[in-house]
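# Coordinates in review
Chain by chain, the residues:
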Amino acid sequence: KSSKREWKPLEDHSCTDVPWLLLFILFCVGMGFICGFSIATGAAARLLSGYDSYGNICGQKNVKVEGIVNSGLDLTHKKYVFFLDPCNIDLVHQRIKSLALCVSACPRKELKTLADIQKFAETNGSTLCSYELQPSEYTTDPRAAKLCPKYPVPESAPIPFFHRCAPVNISCYAKFAEALITFVSDSSVLHRLISGVMTSKEIIMGLCLLSLVLSMILMVIIRYISRVLVWILTILVILGSLGGTGVLWWLYAKQRVSASAVETQIAKDNLQALLIYAISATVFTVILFLIMLIMRKRVALTIALFHVAGKVFIHLPLLVFQPFWTFFVLILFWTYWITVLLFLGTTGSPVPNEEGFVEFRMVGPLKYMWWYHVVGLIWISEFILACQQMTVAGAVVTYYFTREKRNLPFTPILASVNRLVCYHLGTVAKGSFIITLVKIPRMILMYIHTQLKGKENACARCMLKACICCLWCLEKCLTYLNQNAYTATAINSTNFCTSAKDAFVILVENALRVAAINTVGDFMLFLGKVLIVCSTGLAGIMLLNYQRDYTIWVLPLIIVCLFAFLVAHCFLSIYEMVVDVLFLCFAIDTKYNDGSPGREFYMDKVLMEFVENSRKSMKEAGRGGGAEGRELKPM
């Protein structure tokens, strides 16, 4: 049986879940095919160079599209896309509802009349009206009202790399900005916010660097303050629960005295409500005290694990930089994914629309490439995150199960990456695919909920939210189980299902310890995140208060605080990951070793003291003896 099988840490390495690795490689080949197909069908040229409403790509010779006038033109010298009404934005379909033309130059100043448009064409050789009108006809031909741009024509500039003429004044997109930022009703507010960010960019960068330094410092010193944090948390919880319960009973007694003099229905209802609140608070306080009494010894294990985790970061300093590499790889992949997504938006065959202009649409099975691309975003992103978890697990497992720490590899992180690439990529692919299977239905339900907002009845809305919540909870549970499965794979080099089953058995056998670590430990790390955000925010307030170059500095402060929380979360999540891996190693160590000759513990001295104290207390309670009372001797 899996629960009876002996664990042999780091003794054997073999390839795991090879079929899943092959499936993942085939999936990535499919992602590459989508990219290649979109480039081969001209989507890259249409995206980068731009195209007009007749299907002509700007800056090159074009092929005639059957049934479309003004198609197949030679636009070699007209390299920029110009919209006749650039401010007419369709928020529903996310596009500009305007005739698009290829021009040789963007209007670099505002043109107020047709005469100005005609003069611009004669001076710069850039015709801003439709192709069938000559510049000499701009002011005389009655068709100019429809075939020439809406004036005044705003000052425009070409977008770098994408050859589109965009208005310089962002107030043109006031409607779009208002739809995205609901609190902006005046474009001047948006101007002041943006100017505040641009003026204080040096301070923002400095504060972001400060949050980075504070996160790294906190990871070093948390091993020394973990015990203090736990006791502060315990005292605050006790005082808060006792104080809240006492205040409720005091208010009830006071209301009862006053209600006897004034007997009204409102006073009786308030008195009854206070009694219910006071009784509920009392029951909650009693239950809380019982839970703390039961878990007080498990809290000591949490403190010990945090202390050992601090030592891990001293021996494995490259762990601190793990979030950087993961974030960098994710940014590269997301950039590639967005680029291909933009390619897909312009790929396909030219099709006339109801207005007589050209749209590029995919027909047949190819139109489902969007779904494949979206699944690729989720699966590959989860794969990258799972690689980080497996790398951290492999490095910490190597640290824990190496008796002589001076015999550790020169770079355990790189050794862990090497084992991941050589043996366990299939396991990571399978684990990340399971998370993808849960995440996709949840995202579909969230999309349906967004689309039906205000249209569905209360019962349907409640059921939809309940399904989303259940899928979210399932996703979090599977993520936690996956992380422990990766640790089991790093220890025993078993496949994903076997590792998940072994890890689940260990976690169930130590359920109370898991609960203590995931409550007390997570709250300690949450306090660390709050500390970093508050410290960075306070420094930001002090620095920004001395600035006089702009009116509003709320947005820079929000940006800094959000970045500080993101950085703190990335670093402390690595700390949390290390603690979880250490706990599973500790549970396996205590299950299969007892400190006797030949079965010596691998654990650190701090964890050894915890086990020794636990066995002494069990012996004093009359439940120890025999092997349980032996002195523990680490190697």
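Scroll up a little and you will see the structure.
Residues numbered from 1 in each chain as written. Predicted model: local features only at pLDDT ≥ 70, side-chain atom pairs only at ≥ 80, totals over all residues. Heavy atoms only, no water.

## Topic: the environment of Leu128
As a reminder, the rule being used: Secondary structure is summarised from DSSP: a helix means a run of H or I of at least four residues, a strand means a run of E of at least two, and numbering begins at the N terminus for each. Contacts: residue pairs with any heavy atoms within 4.5 Å of one another.
Take Leu128: it is sitting in the loop between helix H3 (114–124) and helix H4 (144–147). Sequence separation between Leu128 and Leu147 is 19 residues; the distance between their C-alpha atoms is 9.1 Å. Setting aside residues no more than four positions away along its own chain, Leu128 makes contact with Phe82, Leu84, Leu101, Val103, Ala105, Pro107, Leu111, Ile117, Phe120, Tyr138 and Pro149.

## Side note on the packing of helix H12 (residues 458–492) against helix H13 (residues 496–509)
This is how it is decided: Axis definition: a line fit to C-alpha positions, over the contact stretch in the case of helices; interaxial angles, taken between N-to-C directions, run 0 to 180 degrees. We call two directions roughly parallel when the angle between them is under 35 degrees, roughly antiparallel when it is over 145, roughly perpendicular when it lies between 65 and 115, and oblique otherwise. Residue type decides the class: Asp, Glu, Lys and Arg count as charged, Ala, Val, Leu, Ile, Met, Phe, Trp, Tyr, Cys and Pro as nonpolar, and the leftover types, Gly among them, as polar.
Running from N to C, H12 and H13 point in directions that differ by 110 degrees, and their axes come no closer than 8 Å. Between H12 and H13, the interaxial angle falls into the category roughly perpendicular. Along the contact surface, H12 presents Tyr480, Leu481, Asn482, Asn484, Ala485, Tyr486, Ala488 and Thr489, while H13 presents Phe496, Ser499, Ala500, Ala503, Phe504 and Leu507. Class assignment of the residues belonging to the contact of H12 with H13 gives a composition of 10 nonpolar, four polar and no charged.

## Some thoughts on the nonpolar core
Heads up, the condition is: Working definition of a nonpolar core: buried Ala, Val, Leu, Ile, Met, Phe, Trp, Tyr and Cys residues. They are joined through side-chain atoms within 4.5 Å. Remark: exposure states derive from per-residue accessible area (1.4 Å probe, protein chains only) relative to the maximum for the residue type, with buried under 20%, exposed over 50%, and partly exposed in between.
The biggest cluster of nonpolar side chains holds 63 residues, and the ones touching the most others in it are Leu319, Tyr575, Val578, Leu582 and Leu607. The leading source of residues in this core is helix H15 (residues 554–592), at 18 residues. If we ignore the near neighbours within four places in the chain, the residues touching Leu582 are Leu305, Val308, Ala309, Val312, Val396 and Tyr400. Judged by nonpolar contacts, the second largest core, of 32 residues, contains Val81, Val103, Leu133 and Tyr138.

## Thoughts on the state of the cysteines
Rules: For the purposes of this analysis, a disulfide is any pair of cysteine sulfur atoms at a distance within 2.5 Å.
Under the defined criterion, the tally for this structure stands at three disulfides. Cys106 shares a disulfide with Cys165; S-S distance 1.9 Å. Taking the sign of the S-S torsion, -80 degrees for the link of Cys106 and Cys165, the bridge is left-handed. In this pair, Cys106 is assigned in the loop between strand E4 (100–103) and H3 and Cys165 in strand E6 (residues 165–167), connecting sequence segments 59 residues apart. Judged by its relative accessible area of 6%, Cys106 is buried. Not engaged in a disulfide, the cysteine Cys208 finds its nearest cysteine sulfur in Cys561; these two sulfurs lie 9.9 Å apart. Of the residues examined, Cys208 reaches a relative accessible area of 14% and is grouped as buried. Of all cysteine sulfurs in the structure, the one in Cys469 sits closest to Cys470, which takes part in no disulfide; the separation is 5.8 Å.

## A word on the packing of aromatic side chains
Stated precisely, the cut-off is as follows: Only the six-membered ring of Trp is used, alongside the rings of Phe and Tyr, when aromatic pairs are assigned; centres must lie within 6.5 Å, and planes under 30 degrees apart are stacked while those over 60 apart are edge-to-face, with the rest tilted.
Here the structure, examined in full by the defined rule, presents 16 aromatic pairs. Between Tyr54 and Tyr131 the ring centres are 5.9 Å apart and the planes differ by 50 degrees, which places this aromatic pair in the tilted class. Of this pair, Tyr54 sits in the loop between helix H2 (43–49) and strand E1 (80–83) while Tyr131 sits in the loop between H3 and H4; the two residues are 77 residues apart in sequence, bridging distant segments of the chain. Per residue, the accessibility class of Tyr54 equals that of Tyr131, and both read buried. When the ring of Trp249 is compared with that of Tyr252, the centres are 6.0 Å apart and the planes differ by 85 degrees; the resulting orientation is edge-to-face.

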